[in-house]
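Okay, here's what each chain looks like letter by letter:
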Amino acid sequence: MKSKIWLSSPHMGGSEKTFVQEAFDTNWIAPLGPHVNGFESDIQHYTGARHAAALSSGTAAIHLALILLDVKAGDVVICQSMTFTASANPIIYQAATPVFVDSETETWNMNPEYLEQAIQDQLSKGKKPKAIIPVHLYGMPAQMDQILTVAGKYDIPVIEDAAEAIGSRINGKSCGSFGKFSILSFNGNKIITTSGGGALLSDDGDYIRQARFLSTQARDRAPHYEHTQIGYNYRMSNVLAGIGRGQMEVLDERVAARRRNFERYAFYFEKVNLNGYHIGFQPEPAGYHSNRWLTAITVDPATNKGITREALLRAFELENIECRLLWKPMHLQPVFQDYPFYGNGISGYIFDTGLCLPSGSNLTDDDFDRIFSVLDSVFR
Ligand SMILES: *Cc1c(COP(=O)(O)O)cnc(C)c1O
């Protein structure tokens, strides 16, 4: 059996071990410590967000953002439908109601027009949404200008889910700096990883201080353990923050490598498309800079001589190459299908025809030879 080519595997830079060793040498094996502070300051400098709290996961970051915005039982929170379930789950943790919004075709992210329709319809029912959660799918920034304009018009805070988008920008402004809150993830398959981890970012220092307090069990100032609020165990470990500091040193290289992957695929499929196929890509609008975390294509059998993304998936599987279907939109998930949805089905279409190709920053030329020979056999 040929060695496995992964969709997106961890890619260490080298100094992660030095940072982790330092944590051991100083015995800072705790959910706080100098690496946590250092990692937070790296994240702030990189994204331009003024404050950051390193946490146990991106999901925890979204949960804390909702708590800090006082999202309670019965409240409405608007969320992009085309995303990983972690964007929406914390809404349910707060016993609030998720309302899902479809994608547009320019970036595959939250459609600002349906967002406004969702807000107006919820307002007409006497429910002012408490927050809006747009996502930068596979690293491609959402239409933040338009989304922030709509959000501002109705005075609703935005929680920017930048879990997949550290290193992405719009007109030079970094993803992770657009929302009242922004969140990052450092889970195992993200563009940089701490094995598991996340961060909550904001320009508002009071919010981030409060997030640190809530993430360490909400312990009041007192000689004993005193609690006036319910807390969480959501802080990042100092050991893992050491991995994060090493990963931040190579982040720009990782983005460059992922963008090169995308260009290789784009070049290949441009040639394929000259032979009567219509393979689609996630476009990158002018002024946008995606980290191209994952390269995703659309393969509509109606315009590709009957070829389906399932056929591609199977051909790759036979060669021990991992590909994945796209995130299945939340409004189509059994667990969320009874909640409101505003849109015209674009996210469903993208899901039905989409496929994520191997996109690791550590793919070799030999790996690409194997990948392209599978594609050659399908698009003969
Ligand atoms: C990975 C991811 C998250 C959650 O991050 P975790 O660190 O895995 O909890 C949230 N939203 C999106 C879009 C993600 O891809």
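Residues numbered from 1 in each chain as written. Predicted model: local features only at pLDDT ≥ 70, side-chain atom pairs only at ≥ 80, totals over all residues. Heavy atoms only, no water.

To continue, consider the site of the ligand. Neighbouring the ligand are 15 residues, the closest being Thr 59, Asp 161, Glu 164, Ser 185 and Lys 190. In the model, an oxygen atom of the ligand is placed 2.8 Å from a nitrogen or oxygen of the Gly 58 main chain. Contact with the protein chains covers 96% of the free accessible surface of the ligand, which is 380 Å². Its residues assigned to classes, the shell around the ligand shows 4 nonpolar, 8 polar and 3 charged. (Near = heavy atom within 4 Å. Polar contact = N/O pair within 3.5 Å; in protein donor to acceptor, adjacent residues only side chain to side chain. Areas by Shrake-Rupley, 256 points an atom, 1.4 Å probe, with all protein chains shown as cover. Nonpolar A, V, L, I, M, F, W, Y, C, P; charged D, E, K, R; others polar.)

Here we take up the environment of Ser 57. As for its position among the elements, Ser 57 is in the loop between strand 1 (51–55) and helix 3 (58–68). Apart from the residues lying within four places of it in its own chain, the contact partners of Ser 57 are Gly 197 and Gly 198. For Ser 57, the side chain forms a polar contact with the main-chain nitrogen of Ala 60, separated by 2.9 Å. (Helix = DSSP H or I, 4+ residues; strand = E, 2+ residues; numbered from the N terminus. Contact = heavy atoms within 4.5 Å.)

Moving on: helix 7 (residues 205–215). Residues of helix 7 that are buried include every one of Gly 205, Tyr 207, Ile 208, Ala 211, Leu 214 and Ser 215, and no others. Each element contacted by the buried residues of helix 7 is listed here: strand 1, helix 3, strand 8 (181–185) and strand 9 (198–202). If you check the start of helix 7, you find a side-chain oxygen 2.9 Å away from the backbone N of Asp 206, and it comes from Asp 204. Taken from the residues just after helix 7, Gln 217 is the one with a positive phi, measuring 70°. (Buried < 20%, exposed > 50% of the residue type's maximum accessible area, 1.4 Å probe, protein only.)

Attention now goes to the packing of helix 5 (residues 112–124) against helix 6 (residues 144–153). For the pair helix 5 and helix 6, interaxial distance at closest approach is 9 Å and the crossing angle is 15°. Comparing the axis directions of helix 5 and helix 6 gives the class roughly parallel. The handedness of the crossing between helix 5 and helix 6 is right-handed. When helix 5 is examined against helix 6, the residues Pro 112, Leu 115, Glu 116 and Ile 119 are found in contact with a partner set consisting of Gln 146, Ile 147, Val 150 and Lys 153. (Axes fitted to C-alpha atoms, helices over the stretch in contact; angles between N-to-C directions. Parallel < 35°, antiparallel > 145°, perpendicular 65-115°, else oblique. Left-handed = near helix turned anticlockwise from the far one by under 90°.)

Moving on: helix 2 (residues 34–47). With 14 residues, helix 2 extends 20 Å between its outermost C-alpha atoms, agreeing within 8% with the 20 Å of an ideal straight helix rising 1.5 Å per residue. All buried positions along helix 2 are accounted for by His 35, Val 36, Gly 38, Phe 39, Glu 40, Ile 43 and Thr 47. Gly 48 occupies a position one or two residues after helix 2 and carries a positive phi of about 85°. (Expected span 1.5 Å × (residues − 1).)

Moving on, we get to the packing of aromatic side chains. The tally for this structure, following the rule as stated, stands at 17 aromatic pairs. When the centroid spacing of 5.0 Å and the interplanar angle of 55° are considered together, the rings of Phe 39 and Phe 186 count as tilted. Of this pair, Phe 39 sits in helix 2 while Phe 186 sits in the loop between strand 8 and strand 9, and the two are 147 residues apart along the sequence. Of the two residues, Phe 39 and Phe 186, both sit in the buried class. Centre to centre, the rings of Tyr 268 and Phe 269 are 5.3 Å apart; their planes meet at 90°, and the pair counts as edge-to-face. In terms of burial, Tyr 268 and Phe 269 fall into one category: buried. Ring pairing ties together the aromatic residues Phe 262, Tyr 265, Tyr 268, Phe 269, Tyr 277, Phe 281, Phe 368, Phe 372 and Phe 379, which thus form one cluster. (Phe/Tyr/Trp six-rings, centres within 6.5 Å; stacked < 30°, edge-to-face > 60°.)

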